[in-house]
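What the coordinates show
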Amino acid sequence: MIDDTLLEAEVKMDKALEVAKDDFATIRTGRANPALFNKIVVDYYGTYTPVAQLASFQTPDPRMIVIAPYDKGSMGAIERAIRDSDLGVNPSNDGTVIRVPLPQLSQERRKDYVKVARTKAEDARVSIRSIRRHAKDALDRLQKDGDAGEDEVTRAEKQLEALTKRHIDSVDDLLKHKESELLEV
């Protein structure tokens, strides 16, 4: 029972870490990265569909992303969704592909993105701590119900703390990497 609780907590913390990585990937840096478009959805024949499912992405140079829709009829909807997103880019459509030039980030905009990254990191930390709290409650219930001894629960709580610390340190490392990426000129 204790092992199941710890394993479940670890799996959930790993998922929270993956969500944090995905969130960090959507924050724009100075370089072109197709992951910027992961959260953008397009109204495609009445269904909201992620752009990644409707087109292929290429990065011919560090400041340009070329989007080639699989269905040319969806080009206008994709262009509109990108323009309406919070990326701050202006896509252009040449009839076969959509070109998205990424302008140079100003220092002020970089600082704004660092704030966004810190907020996302704190959200990930809160999520990990919440998972720890739920696992600790489950361990306490096991002890209270007599399914586990006090020593076993104490040992499991120490393992849970180590697990939590490792995942929070991973989030901090991701944040540090993203900040350095954002602040480099």
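Parameters and conventions
Within each chain, residue numbers correspond to sequence positions counted from 1 in written order. Predicted model: local features are reported for residues with pLDDT of at least 70 only, side-chain atom pairs are reported and counted for 80 or more only, and whole-chain, interface and lining totals are derived from all residues. Excluding hydrogens and water, the side-chain values take into account all heavy atoms of the structure. UniProt positions are given in the numbering used here, feature names are shortened, and annotations may be inferred rather than shown by experiment. Whether two strands pair comes down to DSSP finding at least two bridges between them. Here a helix means four or more residues in a row that DSSP labels H or I, a strand means two or more in a row labelled E, and each is numbered from the N terminus. The contact definition used throughout considers only heavy atoms, calling two residues in contact when any of these lie within 4.5 Å. Fitting a line to C-alpha atoms yields each axis, with helices limited to the stretch in contact; the angle taken between N-to-C directions then spans 0 to 180 degrees. Here the nonpolar core consists of buried residues drawn from Ala, Val, Leu, Ile, Met, Phe, Trp, Tyr and Cys, with membership extended through side-chain atoms lying within 4.5 Å. Buried, partly exposed and exposed residues are distinguished by accessible area as a fraction of the type maximum, computed with a 1.4 Å probe on protein chains only: under 20%, between the cut-offs, and over 50%, respectively. To estimate how far a helix should extend, the number of its residues minus one is multiplied by 1.5 Å. Where each domain starts and ends comes from a domain assignment, either automatic or drawn from a database. Note: buried area is the sum, over both parts, of the accessible area (probe 1.4 Å) each one loses when the two are combined. A pair is scored as a salt bridge if a Lys or Arg side-chain nitrogen falls within 4 Å of a carboxyl oxygen belonging to Asp or Glu. Gly falls in the polar group here, along with every residue not listed as nonpolar (Ala, Val, Leu, Ile, Met, Phe, Trp, Tyr, Cys, Pro) or charged (Asp, Glu, Lys, Arg).

Under an unreviewed UniProt entry, the name given to the protein is Ribosome-recycling factor, and the organism recorded is Motilibacter peucedani. Of the protein, the UniProt comment under Function (unreviewed entry) reads exactly: "Responsible for the release of ribosomes from messenger RNA at the termination of protein biosynthesis. May increase the efficiency of translation by recycling ribosomes from one round of translation to another." A UniProt comment under Subcellular location (unreviewed entry) is attached to the protein, and it reads "Cytoplasm".

1. Considerations on the sheet that holds strand β4 (residues 64–69)
As summarised here, the arrangement of the four strands in space is β3-β4-β6-β5, forming an open sheet in which the pairing is antiparallel. The sheet is open, and its two edges are formed by β3 (55–61) and β5 (92–93), each paired on a single side. When β5 meets strand β6 (residues 98–101), the two strands line up antiparallel, connected through two bridges. From the neighbouring strand, N93 faces β6, where its bridge partner is I98. Relative to β6, helix α2 (residues 75–84) is tilted by about 15°, and along the sheet it contacts β3, β4, β5 and β6.

2. Brief notes about the nonpolar core
Judged by nonpolar contacts, the single largest core of 29 residues is most densely connected at I2, L139 and L160. Contributing elements (two or more residues each) for this core: α1 (2–25), α3 (107–145) and α4 (150–183). Examining the composition of this core, we find that 10 residues originate from one element, α3, more than from any other. If we ignore the near neighbours within four places in the chain, the residues touching L139 are I2, T5, V153, A156, E157 and L160. One finds A32, F37, V51 and I65 within the second-largest nonpolar core, a separate group that totals 20 residues.

3. A word on unusual backbone geometry
A positive phi angle is found at Y45, which is not glycine, with a value near 50°. Position of Y45 among the secondary structure elements: in the loop between β1 (41–44) and β2 (47–50). Its relative accessible area of 65% is what places Y45 among the exposed residues.

4. Description of α3
Across its 39 residues, α3 extends 57 Å between first and last C-alpha, which sits within 8% of the 57 Å expected from 1.5 Å per residue. Of the residues one or two after α3, G146 is the one with positive phi, at around 85°.

5. A short note on the domain arrangement of the protein
When its domains are assigned, the protein resolves into domain 1 (1–27 + 106–184) and domain 2 (34–101). The C-alpha centroid of domain 2 is placed 33 Å from the C-alpha centroid of domain 1. Counting each side, the surface lost to burial between domain 1 and domain 2 is near 430 Å², with a carbon and sulfur contribution of 50%. At the junction of domain 1 and domain 2, the tally comes to zero salt bridges. Residues of the side of domain 1 that touches domain 2, tallied by class, amount to three nonpolar, one polar and two charged.

6. Overview of the environment of A32
Note that A32 resides in the loop between α1 and β1. Look at A32 and you get buried, because its relative accessible area is 17%. Between the C-alpha atoms of A32 and K144, which are 112 residues apart in sequence, the distance is 54 Å. In this view, A32 contacts T59, D61, P62, R63, M64, I65 and L102; residues no more than four positions away in its chain are not counted.

7. Structural notes on the pairing of β4
Buried residues dominate β4, accounting for six of its six residues. Burial of β4 is two-sided: the residues M64, V66 and A68 facing one way and the residues I65, I67 and P69 facing the other way are all buried. As paired strands, β3 and β4 are joined by five bridges and run antiparallel to one another. Opposite F57, over in β4, you have I67 as the bridge partner. The antiparallel hairpin formed by β3 and β4 contains two residues in its connecting segment. Sheet topology places β4 next to β6; four bridges connect them, and they run antiparallel.

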